[in-house]
Amino acid sequence: KVTTFTTTSFSCLLKKIKKTNPPGMYNVTITRKGKGVPPIVLPSAFSIMAPEIQNIEPDIDEAGEEVTIFGSFFGTKKVKAYMDDGITKKPKKCKVTSLTMDSTTGESELKILVPKKGLLPGQCDVTVTNKVGEDTLVGGFTIQ
């Protein structure tokens, strides 16, 4: 969806990403009005990025407490977070309490609650996932 435009530039908002569109660079095609006017193709002008975790604060806390995951490209909705102690059978889903992402830079902040049950004290891998992809910070969090 075109959100702004001038004679020299335009901004668009991509509302949905199909699962058939993996992370990567994409061409942008501008369709112009007028009979016989060819479209303009801008090669590799747009990128779709998977989440990237940078750090977690605090990186040590107790079950049930809120922690913040900082990173990039988390998205603006339908993001999930998991913790995995490497011992229990499967990763535990974390409750998301807030999510923000700067649509220009991709800078993201995700607040989650450490699961109250199902994880043993010690280091955990933390995974952030959305419709585009996922990223895991191995040993990124320690449960007291």
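Residues numbered from 1 in each chain as written. Predicted model: local features only at pLDDT ≥ 70, side-chain atom pairs only at ≥ 80, totals over all residues. Heavy atoms only, no water.

K.L.:
Can you walk me through a positive patch on the surface in this structure?
P.N.:
The grouping of Lys 1, Lys 15, Lys 16, Lys 77, Lys 78, Lys 80, Lys 93 and Lys 131 at the surface amounts to a positive patch. Structurally, the position occupied by Lys 15 is in the loop between β2 (10–12) and β3 (24–30). The class of Lys 15 is exposed, set by a relative accessible area of 58%. (Patch = residues over 30% accessible without salt bridge, like charges linked within 9 Å, V, L, I, M, F, W, Y side chains within 5 Å. Areas by Shrake-Rupley, 256 points an atom, 1.4 Å probe, with all protein chains shown as cover. Salt bridge = Lys/Arg side-chain N within 4 Å of Asp/Glu carboxyl O. Lys, Arg positive; Asp, Glu negative; His and termini not counted. Charge placed at Lys NZ, Arg CZ, Asp CG, Glu CD. Helix = DSSP H or I, 4+ residues; strand = E, 2+ residues; numbered from the N terminus. Buried < 20%, exposed > 50% of the residue type's maximum accessible area, 1.4 Å probe, protein only.)

K.L.:
Please clarify how the sheet that holds strand β10 (residues 107–113) should be interpreted in this entry.
P.N.:
Backbone-to-backbone hydrogen bonds join strands into a sheet, with any given pair of strands oriented parallel or antiparallel. Spatial ordering of the open sheet is given by β5-β7-β10-β9-β8-β11-β12-β6, a layout of eight strands whose pairing is mixed. At either end of the open sheet lies a strand with only one pairing partner, and these are β5 (52–57) and β6 (60–61). With three bridges joining them, strand β8 (residues 80–84) and strand β9 (residues 92–101) adopt antiparallel strand pairing. Pairing of Met 83 across the sheet is with Lys 92, part of β9. (Pairing = 2+ DSSP bridges.)

K.L.:
What am I meant to see in the side chain of Thr 129 here?
P.N.:
Structurally, Thr 129 can be placed in strand β11 (residues 122–129). From its side chain, Thr 129 meets the backbone oxygen of Gly 133 in a polar contact 3.4 Å long. When residues no more than four places from it in sequence are discounted, the contact partners of Thr 129 are Lys 78, Val 79, Lys 80, Tyr 82 and Glu 134. (Polar contact = N/O pair within 3.5 Å; in protein donor to acceptor, adjacent residues only side chain to side chain. Contact = heavy atoms within 4.5 Å.)

K.L.:
What is the right way to read the nonpolar core from this model?
P.N.:
Formed by 18 residues in total, the largest nonpolar core has its most connected members in Ile 69, Met 83, Leu 110, Ile 112 and Phe 141. Of all the elements in the fold, those that place two or more residues in this core are β5, β7 (66–72), β8, β10, β11 and β12 (134–143). Ranked by the residues each element gives to this core, the list is headed by β11, at three residues. Those residues in contact with Leu 110, other than ones at most four positions away along the chain, are Val 67, Thr 68, Ile 69, Phe 74, Val 79, Ala 81, Val 96, Ser 98, Leu 99 and Val 128. (Core = buried A, V, L, I, M, F, W, Y, C linked by side-chain atoms within 4.5 Å.)

K.L.:
Is there a simple way to think about the pattern of salt bridges in this case?
P.N.:
One side chain can pair with another of opposite charge once the charged atoms of both are near each other. Counting across every chain of the model gives one salt bridge. Salt-bridge contacts for Lys 111 lead to Glu 109; the nearest nitrogen and oxygen are separated by 3.7 Å. Residue Glu 109 is classed as partly exposed on the basis of its relative accessible area of 27%.

K.L.:
Would you take a moment to explain the side chain of Thr 127 for this structure?
P.N.:
Inspection of the secondary structure assignment puts Thr 127 in strand β11. Classification of Thr 127 as buried rests on a relative accessible area of 13%. Separated by 2.7 Å, the side chains of Thr 127 and Thr 136 make a polar contact. Dropping the residues within four chain positions of it, Thr 127 is found in contact with Ile 53, Lys 80, Ala 81, Tyr 82, Glu 134, Asp 135 and Thr 136.

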